[in-house]
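Given next are the chains, with one letter for each unit.
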Amino acid sequence: MSGSPNRRREVDVMKLITSNYEVNMGTDSLNEFIVKFPGPKDCAYEGGTWRVRVELPPNYPYKSPSIGFLNRIFHPNVDEQSGSVCLDVINQRWSPMFDLLNVFETFLPQLLLYPNPTDPLNGEAASLLLREPEKFKDKVKDYVKRFATENNSLKTSKETNNDDDEDDDENDNANDIDDDDDEVDGFFA
C-alpha cells in the first residue's frame, strides 16, 4: 500500500491536466507545480488569470496541499505579499476524499465568489469589503487589470510590489472622484 499515495498524486495531477487546466510541472517531480486558474464568472475576479502554486506534501492525500497565488490578488482571505490562502476546507478540514480538481473547480472559485472578511489574511481588503463593498469591488477589478491579465499574470507577487508602489498615488487620486452618478452594479457583477 506504500505506492498508493504516489499513484493518487499521479491520478490527481492527470485529472487537472485532462480537465483543461494548464499545469506547469517545472521539475520532474509531482510534488510542486503551477496551475493557471481563471477567475470565476459573474464576480469581480472574472477575466483574471492567476498562477497558483501547488505543493503536495509527502503524505498527500492524507495531508492537504499547500496552495498559494503567485501573482497579486486583492482578497480578504489571501495574503497579498505571500499569496497564502486562508481556506478552512484546505487548511483544517481537508479529507483524502478531496482531490486537486476539487481545489480548482470548487474550493478556489468559492473563495473568490464568497470572501470571508471575518477571518482575514489581508486586513485592508477585509475592512474595505465590510465598510465600502463597491470600493472593494473596484479595487479587485483594478488588481485584475494590473496583475491578473494574461501579460501580467506571469509576474510574481514580489515582482509586482514595485509596480504597485509606483501606482498607489495615481489610484488613490482616482478613488477620490465622486462616482455617485455612475450606475452601481451588484458586488459580483
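What follows concerns the packing of aromatic side chains. Under the defined criterion, the tally for this structure stands at ten aromatic pairs. Taken together, the aromatic side chains of Y60, W94, F98 and F107 make up a single cluster linked through ring pairs. A cation over an aromatic ring shows up here: R72 above the ring of F147, its NZ or CZ 5.1 Å from the ring centre.

Of all residues in the protein, 78% have pLDDT values of 70 or greater, and the mean over the chain is 83. Ranking the helices and strands of the protein by mean pLDDT puts helix α4 (residues 123-131) first, with 98, and helix α6 (residues 157-175) last, with 46. Within the model, pLDDT remains below 50 along residues 165-189, and this stretch shows 25 contacts once partners closer than five positions in the same chain are excluded.

Quick look at the sheet that holds strand β1 (residues 23-24) now. Spatial ordering of the open sheet is given by β1-β2-β3-β4, a layout of four strands whose pairing is antiparallel. Looking at the sheet topology across the chains shown, the edges are occupied by β1 and β4 (66-69). As paired strands, β1 and strand β2 (residues 32-38) are joined by two bridges and run antiparallel to one another. If you follow N24 over to β2, its bridge partner there is I34.

For the rest of this paragraph, the subject is the pattern of salt bridges. Overall, the coordinates contain eleven salt bridges when judged by the stated rule. Measuring nitrogen to oxygen at the nearest pair gives 3.3 Å for the salt bridge that ties K135 to E132. On the basis of relative accessibility, which here comes to 29%, the residue E132 falls in the partly exposed class. One salt bridge in this structure joins K137 and E134, with 3.6 Å as the shortest N-O distance. With K137 and E134 both in helix α5 (residues 133-147) and three residues apart, this pair spans about one turn of that helix. Overall, E134 belongs to the partly exposed group, its relative accessible area being 30%.

About the thresholds
Residues numbered from 1 in each chain as written. Predicted model: local features only at pLDDT ≥ 70, side-chain atom pairs only at ≥ 80, totals over all residues. Heavy atoms only, no water. Phe/Tyr/Trp six-rings, centres within 6.5 Å; stacked < 30°, edge-to-face > 60°. Lys NZ or Arg CZ within 6 Å of the ring centre and 35° of its normal. pLDDT = per-residue confidence, 0-100. Helix = DSSP H or I, 4+ residues; strand = E, 2+ residues; numbered from the N terminus. Contact = heavy atoms within 4.5 Å. Pairing = 2+ DSSP bridges. Salt bridge = Lys/Arg side-chain N within 4 Å of Asp/Glu carboxyl O. Buried < 20%, exposed > 50% of the residue type's maximum accessible area, 1.4 Å probe, protein only.

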